[in-house]
Amino acid sequence: MEIFDTSTTSLDVEEQTDSGGVSLDDVIQVFYLVFGILGLFGNGLVLLVMVRIRSLRTITNLFIINQSVIDFASSIFLLILLYNPVKYDFKNWQFNAWTLFVCYFWQSQYIFWSLMGCSTGNLIILTLERGVAVVFPIIYRNRVTWRTAAVFVVLPWIFGFVFQLYWPSVHHFVDGVCYPSFGNRNVQIAVGVIVFIFKLFIPVIVMFAVYVAILQRIKPKVTQVRNGNPSLPNATTQRAPLHAPIPDTQKTTKNWATTPAAGEAPKSTSQAVPQTHRIRLNIIKTLLLVTVVFAVCWTPTQLVFLVYNLGGPLDIRGTLYKLSVVVVFINIWINPVIYTFKYRKFQDGLRKTFCLGQRQTTGAPSTVLTLG
């Protein structure tokens with residue numbers, strides 16, 4: 001039985017209507033163009049700021065950089081697939097390795113949808129990194145290094161491109177026609193369920209479970225900070241207890257210290273700790289919003305694909321299906337917008353990059369990292 005994945009139908013451009021009016025496909029093409037340009041500009045801007053501003057070179061931001069690299073590449077392929085036809089007439093092609101490669105890996109849009117899988121995998125790892133840092137701070141401090149982070153940066157790429165191999169594997173080249181077909185109903189159902197579980201269900205469950213654990217851990221401390229009575233570690237303590245805050249930037253360098261802003265007197269530890277919590281809480285809120293947007297963008301099309309593989313109807317020319325795919329592509333460019341409006345350290349880096357002046361802070365020290 002032939003199956004239509006989003007990777008073979010979502011970017012296909014239908015013929016213009018005879019009436020000469022603007023069709024739904026024309027509007028969707030405009031959306032794809034705008035999304036691709038926004039993805040290039042937004043993720044390129046994130047990469048510029050993250051690489052240029054030294055204070056943003058943290059392990060957490062390393063995964064944000066990886067996310068932007070993936071989404072930047074996805075934006076490039078979105079524009080390529082929009083203006084370069086992926087439906088080839090193979091009737092005049094010779095049957096050889098190159099023809100099969102074009103059929104299996106290009107016409108199937110394997111690279112593009114692999115990158116989308118990489119994005120999902122990286123978002124999971126980014127969430128887990130924050131979870132370990134907050135819930136298990138001592139383990140994070142002792143075990144998480146730049147070397148281990150580099151390994152985890154590679155894992156999403158492996159996951160995305162290996163997992164998506166199922167799609168070119170079900171493509172067939174027969175009599176000059178390249179098309180997807182499982183050939184077995186039970187196999188189609190199994191693949192549909194597995195794709196839904198690994199691309200939506202598990203990622204959403206894992207990410208929200210981690211954020212629930214994070215919020216439970218930091219809620220008492222946030223309450224204390226708001227009441228002006230934070231629980232402070234002893235200044236002479238060499239190793240902080242589990243509930244003690246670990247600055248988000250601690251992995252940037254070997255040693256860290258808080259210093260007052262220019263012209264201010266040194267701040268006490270009691271003033272530095274609330275600021276550390278505000279920094280941590282801000283990035284947690286930012287990444288939680290990224291997770292919510294991911295769930296909203298991916299749920300419609302994954303549900304449609306699952307229902308189809310289970311035997312339900314799928315109208316690939318219908319408005320509902322096409323709009324569900326458009327919503328998926330929002331995920332390519334929306335993250336930089338979230339960083340710009342929610343992530344304060346990125347906002348400061350943006351100002352420094354374009355010499356727009358430094359954001360004023362009131363009653364809180366700035367965090368400065370130094371090499372030890």
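Residues numbered from 1 in each chain as written. Predicted model: local features only at pLDDT ≥ 70, side-chain atom pairs only at ≥ 80, totals over all residues. Heavy atoms only, no water.

Peer 1: Help me get a handle on the overall build of the protein chain, residues and values and all.
Peer 2: Looking only at helices and strands, the protein chain has 12 helices and 4 strands in total. Buried residues in the protein chain amount to 48% of all 372 residues. Contacts in the protein chain between residues far apart in sequence, at least 24 positions, make up 84% of those at least 6 positions apart. Counting every atom, the protein chain has about 18400 Å² of accessible surface; 66% of that belongs to carbon and sulfur. (Helix = DSSP H or I, 4+ residues; strand = E, 2+ residues; numbered from the N terminus. Buried < 20%, exposed > 50% of the residue type's maximum accessible area, 1.4 Å probe, protein only. Contact = heavy atoms within 4.5 Å. Areas by Shrake-Rupley, 256 points an atom, 1.4 Å probe, with all protein chains shown as cover.)

Peer 1: I'd like a rundown of the UniProt feature "transmembrane region" (unreviewed entry) in the protein chain, residues and numbers included.
Peer 2: The UniProt feature table records "transmembrane region" (unreviewed entry) at residues 30-51, 63-83, 110-128, 149-167, 187-214, 287-308 and 320-341. Helix makes up 100% of residues 287-308 and strand 0%, with an end-to-end C-alpha separation of 32 Å. (UniProt positions renumbered as here; feature names shortened; annotations may be inferred.)

Peer 1: Please provide a residue-by-residue account of the state of the cysteines, values included.
Peer 2: By the definition in use, this model includes 1 disulfide. In this model, cysteine 103 is linked to cysteine 178 through a disulfide, with the two sulfur atoms separated by 1.9 Å. Measuring handedness by torsion sign, the sulfur bridge of cysteine 103 and cysteine 178 sits at about 85° and is right-handed. Here cysteine 103 is found in helix 4 (residues 97-107), whereas its partner cysteine 178 is found in strand 2 (residues 177-180), with 75 residues between them in sequence. The pair cysteine 103 / cysteine 178 is uniform in exposure class, with both members buried. (Disulfide = S-S within 2.5 Å.)

Peer 1: Describe in detail the environment of phenylalanine 208, supporting the description with residues and values.
Peer 2: For phenylalanine 208, the location among the structural elements is in helix 9 (residues 185-226). For the pair phenylalanine 208 and threonine 291, spaced 83 residues apart in sequence, the C-alpha separation works out to 7.8 Å. Setting aside residues up to four positions removed in sequence, phenylalanine 208 forms contacts with Leu288, Thr291, Val292 and Ala295.

Peer 1: Break down the pattern of salt bridges for me, citing the residues and quoting the values.
Peer 2: Here the structure, examined in full by the defined rule, presents 3 salt bridges. Measuring nitrogen to oxygen at the nearest pair gives 2.9 Å for the salt bridge that ties lysine 322 to aspartate 25. Placement of the pair is lysine 322 in helix 11 (residues 319-342) and aspartate 25 in helix 2 (residues 24-52), with a sequence separation of 297 residues. In this structure, lysine 322 and aspartate 25 share a single accessibility class: buried. The closest approach of N and O atoms between arginine 130 and glutamate 129, which form a salt bridge, is 2.9 Å. (Salt bridge = Lys/Arg side-chain N within 4 Å of Asp/Glu carboxyl O.)

Peer 1: How would you summarise the packing of aromatic side chains if you had to cite specific residues and measurements?
Peer 2: Enumeration according to the criterion identifies 17 aromatic pairs in this entry. Summarising the aromatic geometry, the rings of tyrosine 110 and phenylalanine 161 are spaced 6.0 Å apart at their centres and angled 75° between planes, so their arrangement reads as edge-to-face. Placement of the pair is tyrosine 110 in helix 5 (residues 110-135) and phenylalanine 161 in helix 7 (residues 146-163), with a sequence separation of 51 residues. Of the residues examined, phenylalanine 161 reaches a relative accessible area of 25% and is grouped as partly exposed. (Phe/Tyr/Trp six-rings, centres within 6.5 Å; stacked < 30°, edge-to-face > 60°.)

Peer 1: Just give me the short version of the packing of helix 5 against helix 11, but keep the residues and values in it.
Peer 2: Any two packed helices are characterised by the angle at which their axes cross and by the distance between the axes. Interhelical geometry of helix 5 versus helix 11 gives an angle of 65° and a closest axis separation of 12 Å. By crossing handedness, the relation of helix 5 to helix 11 is classed as left-handed. Residue-level contacts link Phe112, Trp113 and Met116 of helix 5 to Val328, Phe329 and Ile332 of helix 11. For the contact of helix 5 with helix 11, the per-class residue count stands at 6 nonpolar, no polar and no charged. (Axes fitted to C-alpha atoms, helices over the stretch in contact; angles between N-to-C directions. Left-handed = near helix turned anticlockwise from the far one by under 90°. Nonpolar A, V, L, I, M, F, W, Y, C, P; charged D, E, K, R; others polar.)

Peer 1: So what about unusual backbone geometry? Which residues, and what values?
Peer 2: In most cases, non-glycine residues show a negative phi, while peptide bonds are predominantly trans. Even without being a glycine, glutamine 109 presents a positive backbone phi close to 60°. On the secondary structure map, glutamine 109 appears in the loop between helix 4 and helix 5.

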